[in-house]
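# Structure at a glance
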Amino acid sequence: MLHLFRMSGRPTPALIAAAGLLALLLAMGIGRFAFTALLPQMRDEGFLDIGSGGLLAAMNYLGYLVGALWTAFSRQANGPRRLLGGLLASVATTLAMGFEPGFAGWCGLRLVSGVASAVVYVYATGIVLRSLADAGAAGWSALHYMGVGSGIVVSALVAQSMADGGGALLGWRWLGALAGIAALGVAAVLVPLGRRGVAPTASTASAQAPLPPMGWLAAAYGLAGFGYIVNATFLPLLLRSQSGTAGAALGGWLAVGLAALPATAFWVRLSFRWGVYQALISATLVQALGVALPVLVDGVPAAMAGAVMLGGTFMGIAGLAQWLARVPDAQATARRIGFITACYGVGQIAGPLLVAAQGRDAGFTMPVLAAACALLLSAVLLEVSRRRERLA
């Protein structure tokens, strides 16, 4: 069995992709989204209400925005060191949430956690994809992208076990311990690979060609950030607030994670057949329906269908949009992806703030429907972007 993990002193593609999976599980699935699973119990135990939960989520997404911009516009040579720092920060902030730092302390922790999740996501993905390409095994990247869904599944299961027999803060400590184990494995594999690196190349003549416009793409991607984040942050609370779906709160979040596992590979494969824009528009429309379903149709079946549609699209949308931003020059690509990621980040921040601004007892119907409308508008702008690029 050892030949599956080591070959000629170097990690095999299977081990590289598995380390990438753990990185995304740690930084995104747990460091970023575990808060969603634990928010209902934290509210029940008196730590938070809906308004303060929305502010905490906004702080986390603000940190993600800052981290994404920092990684996009900084020197790539420092990637391995920053990856290690991001892993340590993600573990530390997850562990620290298992104590009672007060609301201001929680805000600081969620901000740092957001920065760490972006740093780990960007640098781990870069190292994994480059290493797999060098090994002629790009197909293993599908395993890497399953990390986000895997982390959501883990957080849902841990939150359910804590709801059955332990407090929410203890749940954070368990998640922190899991994050620490994952960080050790990721660092052992990816940091040495990143240090070997690939020497940067000078910009070629093709990089001097006019870049395709992406203003409409950036606007559409920003709306997509707003469109998914309300449900991605508050779905368990939303289901708990409705009498017919209260018992399916964590089950719905588990469905999101399970649906996210194959999502990126599915939408990328579909884009080979339909084209990237058509696949992206389709995923956006499916997500709009999934976001709205829990408030438009009563009952557990509609709630679970909406959860599957949400989980089955949000990573696919991210991957396809970032693919459209690519150009031959690596530095220009990093900046273009950084720009659309910033737009996405602004949308993510706006969603929880809208929920928080409503007050404690306003419910989720208006923010959820606003999010679904934003996704419909995003699909329209994607079609505009496709036609503008054809003209260009």
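Notes on the structure follow. Values in this document were obtained by computation on a predicted structure and should not be read as measured data.

With that settled, consider the pattern of salt bridges. For the structure on display, the rule yields two salt bridges. Of the charged contacts, one joins glutamate 383 and arginine 386 as a salt bridge, the two residues approaching to 2.4 Å between their closest N and O atoms. Here glutamate 383 pairs with arginine 386, and both are found in helix α16 (residues 365–391), just three residues apart, close to one helical turn. Measuring nitrogen to oxygen at the nearest pair gives 2.7 Å for the salt bridge that ties arginine 387 to glutamate 383. On the criterion of helical spacing, the pair formed by arginine 387 and glutamate 383 is a turn pair, its members being four residues apart in helix α16.

Here threonine 233 is to be found in helix α9 (residues 215–240). The class of threonine 233 is buried, set by a relative accessible area of 1%. Only 2.8 Å separates the side chain of threonine 233 from the backbone oxygen of isoleucine 229, close enough to count as a polar contact.

A few words on the packing of aromatic side chains. How two aromatic rings sit relative to each other is given by the distance of their centres and the angle of their planes. Under the counting rule described, the total for this entry stands at seven aromatic pairs. Considering the side-chain rings of phenylalanine 33 and phenylalanine 314, the 6.0 Å spacing of their centres and the 75° angle between planes classify their relative orientation as edge-to-face. Taken together, the residues phenylalanine 33 in the loop between α1 (13–30) and α2 (34–44) and phenylalanine 314 in helix α14 (residues 314–324) connect sequence positions 281 residues apart. Summarising the burial analysis for this pair, phenylalanine 33 and phenylalanine 314 share the class buried. When the ring of tyrosine 221 is compared with that of tyrosine 344, the centres are 4.3 Å apart and the planes differ by 20°; the resulting orientation is stacked. Taken as a pair, tyrosine 221 in helix α9 and tyrosine 344 in helix α15 (residues 330–358) lie far apart in primary sequence, 123 residues in all. Each member of the aromatic cluster is reached from another via a ring pair, and the members are Phe33, Tyr221, Tyr228, Trp253, Phe314 and Tyr344. Above the face of the tyrosine 64 ring, arginine 32 is positioned so that its terminal group lies 4.0 Å from the ring centre.

A separate point is the packing of α9 against helix α10 (residues 249–260). Packing of α9 against α10 brings their axes to within 7 Å, and their N-to-C directions diverge by 150°. Relative to α10, α9 is oriented roughly antiparallel. Considering the relative orientation of α9 and α10, their crossing is right-handed. When α9 is examined against α10, the residues Ala232, Leu235, Pro236, Leu239 and Arg240 are found in contact with a partner set consisting of Ala249, Gly252, Trp253 and Val256. When grouped by side-chain class, the residues that make up the contact of α9 with α10 number seven nonpolar, one polar and one charged.

Below, the discussion takes up the environment of alanine 321. Position of alanine 321 among the secondary structure elements: in helix α14. The exposure class assigned to alanine 321 is buried, which follows from its relative accessible area of 1%.

Glancing now at the environment of alanine 325. Within the secondary structure, alanine 325 sits in the loop between α14 and α15. The buried category is assigned to alanine 325, whose relative accessible area is 0%. With residues up to four places along the chain from it excluded, the contact list for alanine 325 reads Met214, Leu217, Arg336, Ile337 and Ile340.

Cut-offs and rules
- Residues numbered from 1 in each chain as written.
- Predicted model: local features only at pLDDT ≥ 70, side-chain atom pairs only at ≥ 80, totals over all residues.
- Heavy atoms only, no water.
- Salt bridge = Lys/Arg side-chain N within 4 Å of Asp/Glu carboxyl O.
- Helix = DSSP H or I, 4+ residues; strand = E, 2+ residues; numbered from the N terminus.
- Buried < 20%, exposed > 50% of the residue type's maximum accessible area, 1.4 Å probe, protein only.
- Polar contact = N/O pair within 3.5 Å; in protein donor to acceptor, adjacent residues only side chain to side chain.
- Phe/Tyr/Trp six-rings, centres within 6.5 Å; stacked < 30°, edge-to-face > 60°.
- Lys NZ or Arg CZ within 6 Å of the ring centre and 35° of its normal.
- Axes fitted to C-alpha atoms, helices over the stretch in contact; angles between N-to-C directions.
- Parallel < 35°, antiparallel > 145°, perpendicular 65-115°, else oblique.
- Left-handed = near helix turned anticlockwise from the far one by under 90°.
- Contact = heavy atoms within 4.5 Å.
- Nonpolar A, V, L, I, M, F, W, Y, C, P; charged D, E, K, R; others polar.

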